[in-house]
Number of protein chains: 2
Amino acid sequence: MAELGVLSDAAVLIGGDGRIAAVGPLEDVRRSAGAANVVEVSGVLFPGFVDCHTHAIFGAPRLADHERRARGETYQAIAAAGGGILSSVRDVRERDGSALLEATRRRLRVMLAHGTTTVEVKSGYGLATEAELKQLEVARAVANGRPDVIATFLGAHEVPEEVRSNRDAYVDAVIQEMLPAVRRQNVARFCDVFCEPGVFTTAQARRVLESARALGFGLKLHADELEPSGGAELAAALGAVSADHLAAISESGIRALAASETVAVLLPGTMLFLGRPAQAPARKLIDDGAAVALATDFNPGSSPGLSLPLVAMLGVSQLRMRPAEAIAAITVNAAAAVGEAGTRGQIAPGFRADLTLVAARDWRELPYWYGVNLVRGVWIGGAACHSLEGPLDLTD
Amino acid sequence: MAELGVLSDAAVLIGGDGRIAAVGPLEDVRRSAGAANVVEVSGVLFPGFVDCHTHAIFGAPRLADHERRARGETYQAIAAAGGGILSSVRDVRERDGSALLEATRRRLRVMLAHGTTTVEVKSGYGLATEAELKQLEVARAVANGRPDVIATFLGAHEVPEEVRSNRDAYVDAVIQEMLPAVRRQNVARFCDVFCEPGVFTTAQARRVLESARALGFGLKLHADELEPSGGAELAAALGAVSADHLAAISESGIRALAASETVAVLLPGTMLFLGRPAQAPARKLIDDGAAVALATDFNPGSSPGLSLPLVAMLGVSQLRMRPAEAIAAITVNAAAAVGEAGTRGQIAPGFRADLTLVAARDWRELPYWYGVNLVRGVWIGGAACHSLEGPLDLTD
């Protein structure tokens, strides 16, 4: 992860199929290019950023939760006051699908403007078949757009108010009703579960994920965010593409991920926004051989931030990742965490021509100038789809 | 600090002198306005943000320091490898004044684009009379511009390499040569000292600041960043406008600030970027009665970030400030920390018409959607000086 190929005075040749045909020194590529259109850019060209963990389909921001948390109220107290995940569930259930689509499109455009070319979005604010499908229909409506969207079914995000007393019955409903309905509509590629003591146990998560796998879904898992409960081990055992959060991962969880192909997706913005002291042990995960990706966790409760460059800065400053590791974590490794290891996240022949141009002289500026948007251009499948003018480079 | 006056469907009447003549409900202001030009805006209009602590006049970014810190190297090791403050000193000494001016102008424009209408900038990368004056001449050249600049002389930022062995002799030079030269050129309004064990003692800081006061400078102090050493107490005793950093402030320091007019300027972005676990005790400072401001500390070593909205988010999420306190901390209290309590930082009659328009429906969105720039317009002294188009609002 710490080795990054960096070229100067280089060119990328994009084929008619939207894939990268060649990459190398400008003169070499020019010689092989024939009658190509040439777009000259200055700055640093990265692989398009991949945000591999978001809950980007939601209605209103949860502004009151933020203030209550600052006052020291517990999540239980915030939920009792009408906040928490279930307030977003009420919102999504009541909101018209077209209004949800419009808000989502607008937010995805902001993600694009920050360099994200592929974004994973989860359902999980419906918690009933119809409302989960409403979210996933929004995801389908914005898919193959700008940025490109990969959808994950997260019916097991929380237990809805109406069946609070019977968590196992809700898990049954996820397995027997929701999963088959999502499969029939073909609106999600992955299935995810919020596995955490007090939410869904590892046994419940296993039931859901095994059922999902049997239906052909790829697997993801919210694991070990607050307490170690064997979530990472479960994700690795089931061959999930990713285990996400991991701030409280155990030693055996680290070993399990290191020995697997499952990507450890870390979400440092969430810990920052919640004001929690513990960040995931990125250094140990990497040093022990796990593949680590970083994502925003964009959602209205615990992480209303959507800038991957800021997350990369947090990777370096908070997680002690090297700058090169942080770049790999929002590109090649993030692509692997959404099942696109061989197709996105690298500037290399055969990969889709998803590119993000940054106003900088040195690639290390990306995770350095924090809190500003240095992205100046974005291409998806070779097509220019965002450019920002402005003298916003900060280097000397 | 927790009480914010919020008006809906309101208007601001700006006089020919660039000051606010009236503010109130739209219809009331319209009735009193006569033949005013009307500019209609939607969003939330804040007092222009005041960044009351920066080291914005520098040359190159210190990219290698960031990676070395992530690898666990100490500040001493980083300095020994050619990094640290003294590398910025070498850079500023060697760099042409016009190159320094150009880089500074560009960075200040980015600050403006993030809503900052007044910025305090310090010298301190010169550490010799001529080089300190070069930095302060840059500050003068950009003052009364956009954003407006208030300059602080920080000759006692560190001891330069050439006199490392004799710190007291350097303090003598600051007092006997630099302060009078800065006074003669009239290029700084405040004098500041980096008071910290291993850098300048409280006794040395007192000598510098008392000399500065005698020459008519206002006073500021870098205090108690890493260890409690009586810095806050000294700032209060000398009647400084601010005591800054304070991550390691003592109980007696808190009492001293609470009993004084000295503003506690907290810099949470620095602690974030450095990956330090301890943030300043904002909650206790506020609850005990101190005035708290927040600033970026924008500098190439420990805080290459210049977004005050992000700093306000850190105030809420990391320092447990209420959203209203965080807004006060980057406006009215920050104005007090640069000696402009009665003139800037409020939307009220008589105040300079410095205004920042944010794409939001609710003012609490500013410290919530973190890492994106929601600023859509900036006015200084009533003159429009920045506007950004784009569908970048994130609310539902």
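Just so we're clear, the structure is a prediction, and the values are computed from it rather than from any experiment. (Residues numbered from 1 in each chain as written. Chains lettered and ligands numbered in written order. Predicted model: local features only at pLDDT ≥ 70, side-chain atom pairs only at ≥ 80, totals over all residues. Heavy atoms only, no water.)

## Section: the overall build of chain A
Counting its secondary structure elements, chain A contains 15 helices and 14 strands. Computed over its C-alpha atoms, the radius of gyration of chain A comes to 21 Å, within 12% of the 21 Å expected for a compact globule of 396 residues. Buried positions account for 60% of the 396 residues belonging to chain A. If you sum the accessible surface of chain A, you get close to 14000 Å²; carbon and sulfur atoms cover 49% of it. Between the centroid of the 38 positive side chains of chain A and the centroid of its 46 negative side chains there is a distance of 2 Å. (Helix = DSSP H or I, 4+ residues; strand = E, 2+ residues; numbered from the N terminus. Rg over C-alpha atoms; globule rule 2.2 N^0.38 Å. Buried < 20%, exposed > 50% of the residue type's maximum accessible area, 1.4 Å probe, protein only. Areas by Shrake-Rupley, 256 points an atom, 1.4 Å probe, with all protein chains shown as cover. Lys, Arg positive; Asp, Glu negative; His and termini not counted. Charge placed at Lys NZ, Arg CZ, Asp CG, Glu CD.)

## A closer look at the interface of chain B and chain A
Each partner contributes to the interface: chain B provides 59 residues, whereas chain A provides 59 residues. Each partner contributes to the roughly 5200 Å² buried at the junction of chain B and chain A, and carbon and sulfur atoms together form 61% of this total. Per-residue buried area on chain B facing chain A is highest for Leu63, Tyr368 and Tyr370 of chain B; these three make up 15% of the total on that side. Taken together, chain B and chain A are joined by 0 salt bridges. The interface formed by chain B and chain A includes 22 residue pairs in polar contact (both at pLDDT 80 or more). Going through the elements one at a time, α2 (63-70), α5 (97-113), α11 (268-274) and α13 (308-317) of chain B are the ones with two or more residues in the side of chain B that touches chain A. Residues that form the side of chain B that touches chain A fall into these classes: 29 nonpolar, 15 polar and 15 charged. (Contact = heavy atoms within 4.5 Å. Buried area = accessible area lost by both parts, 1.4 Å probe. Salt bridge = Lys/Arg side-chain N within 4 Å of Asp/Glu carboxyl O. Polar contact = N/O pair within 3.5 Å; in protein donor to acceptor, adjacent residues only side chain to side chain. Nonpolar A, V, L, I, M, F, W, Y, C, P; charged D, E, K, R; others polar.)

## Quick word on the relation of the copies chain B and chain A
Structural alignment of chain B on chain A gives an RMSD of 0.0 Å, achieved by rotating through 180° and translating 0.0 Å along the axis. As the rotation angle and translation indicate, the two copies are arranged about a two-fold axis. For chain B, the smallest separation between a C-alpha atom and the rotation axis is recorded for glycine 371 of chain B, amounting to 2.5 Å. Looking at the interface residues of chain B, 100% of them are also at the interface in chain A, so both copies use one shared face. (Least-squares fit on C-alpha atoms with pLDDT ≥ 70 in both.)

## What about the packing of aromatic side chains?
All names here are of chain A. Enumeration over the complete set of coordinates arrives at 16 aromatic pairs over all chains. Measuring from ring centre to ring centre gives 4.8 Å for tyrosine 368 and tryptophan 369, while their planes differ by 80°; the resulting arrangement is edge-to-face. Taking the relative accessible area as the measure of exposure, tyrosine 368 reaches 0% and is therefore buried. Overall, the relative accessible area of 1% leaves tryptophan 369 in the buried class. (Phe/Tyr/Trp six-rings, centres within 6.5 Å; stacked < 30°, edge-to-face > 60°.)

## Here's the deal with the pattern of salt bridges
Residue and element names in this part refer to chain B. The final tally for this structure, using the stated rule, is 52 salt bridges over all chains. Between glutamate 162 and arginine 93 there is a salt bridge, with the nearest N and O atoms lying 2.9 Å from each other. Here glutamate 162 is found in the loop between β6 (148-156) and α7 (167-185), whereas its partner arginine 93 is found in helix α4 (residues 85-94), with 69 residues between them in sequence. When its relative accessible area of 52% is taken as the criterion, glutamate 162 is described as exposed. For glutamate 158, the salt bridge goes to arginine 164, with nearest N and O atoms at 2.9 Å. Residue classification places glutamate 158 among the buried positions, given a relative accessible area of 11%. We classify arginine 164 as partly exposed; its relative accessible area is 37%.

## Looking at empty space enclosed by the protein
According to the stated counting rule, one finds 4 cavities of 30 Å³ or more in the structure shown. Around the largest cavity, the lining comprises 13 residues; the ones closest to its centre are Pro309, Leu310, Leu366, Trp369 and Val372 of chain B. Considering only residue class, the lining of the largest cavity consists of 8 nonpolar, 5 polar and no charged. By volume, the second largest cavity is sized at about 50 Å³. Lining the second largest cavity are His245, Ala247, Leu266, Leu267, Pro268, Met271, Gln279, Ala280 and Leu319 of chain A. (1 Å grid on protein atoms, 1.4 Å probe; cavity = no way out; pocket = protein on both sides within 12 Å on 5 of 7 lines; lining within 4 Å. Points joined across faces, edges and corners; volume = space filled by probe spheres on them.)

## Some details on a nonpolar patch on the surface
Residues and elements named next belong to chain B. A contiguous nonpolar surface patch, about 240 Å² in accessible area, is contributed by Val39, Val41 and Leu45. With respect to the helices, strands and loops of the structure, valine 41 is situated in the loop between α1 (26-33) and β3 (44-47). Valine 41 gets classed as partly exposed once you look at its relative accessible area, which sits at 42%. (Patch = residues over 30% accessible without salt bridge, like charges linked within 9 Å, V, L, I, M, F, W, Y side chains within 5 Å.)

## Regarding the state of the cysteines
Under the criterion given, the structure shown has 0 disulfides over all chains. With no disulfide of its own, cysteine 385 of chain B lies 20 Å from the sulfur of cysteine 52 of chain B, the closest cysteine sulfur. (Disulfide = S-S within 2.5 Å.)

## Regarding the packing of helix α4 (residues 85-94) of chain A against helix α6 (residues 129-142) of chain A
All names here are of chain A. At a minimum axis separation of 9 Å, α4 and α6 run at an interaxial angle of 80°. One way to sum up the angle between α4 and α6 is to call them roughly perpendicular. Counting all contacts with α4, which are made through Val92, Arg93 and Glu94, the residues of α6 involved are Ala131, Lys134 and Gln135. Across the contact of α4 with α6, the residue classes break down as 2 nonpolar, 1 polar and 3 charged. (Axes fitted to C-alpha atoms, helices over the stretch in contact; angles between N-to-C directions. Parallel < 35°, antiparallel > 145°, perpendicular 65-115°, else oblique.)

## Focus on the sheet that holds strand β14 (residues 383-387) of chain B
Residues and elements named next belong to chain B. On the basis of which strands lie adjacent, the open sheet formed by 4 strands has the order β3-β12-β13-β14 and antiparallel pairing. Looking along the sheet, the strands with just one partner apiece sit at the ends: β3 and β14. Each strand of the sheet is rotated relative to its neighbour by a mean of 25°, with strand direction disregarded. Sheet topology places strand β12 (residues 355-358) next to strand β13 (residues 375-380); 4 bridges connect them, and they run antiparallel. Looking at the pairing, valine 358 lines up with valine 375 of β13. (Pairing = 2+ DSSP bridges.)

## Side note on the pairing of strand β9 (residues 242-245) of chain A
All names here are of chain A. Judged from the 4 bridges that link them, strand β8 (residues 218-223) and β9 form a sheet pairing that is parallel. Bridge assignment links alanine 223 to a residue of β9, and that residue is histidine 245. Handedness of the crossover joining β8 and β9 through helix α9 (residues 231-237) is recorded here as right-handed. Here 3 bridges tie β9 to strand β10 (residues 263-266), and the two strands are oriented parallel to one another. Each residue of the ladder has a partner; that of aspartate 244, found in β10, is valine 265. (Right-handed = clockwise from strand over helix to strand, strands pointing away.)

## Here we look at the confidence of the model for chain A
Per-residue pLDDT for chain A has a mean of 94; in total, 98% of the residues score no lower than 70. As a predicted assembly, this complex carries a pTM of 0.97 together with an ipTM value of 0.96. (pLDDT = per-residue confidence, 0-100.)

## Quick word on the packing of α7 of chain B against helix α8 (residues 202-214) of chain B
All names here are of chain B. The N-to-C vectors of α7 and α8 enclose an angle of 10°; their axes lie 10 Å apart at closest approach. Viewed along their axes, α7 and α8 adopt a mutual orientation that is roughly parallel. Residues Arg167, Asp168, Val171, Asp172, Val174, Ile175 and Leu179 of α7 form the contact with α8, whose own contacting residues are Gln204, Arg207, Val208, Ser211 and Ala212. Residues that form the contact of α7 with α8 fall into these classes: 6 nonpolar, 2 polar and 4 charged.

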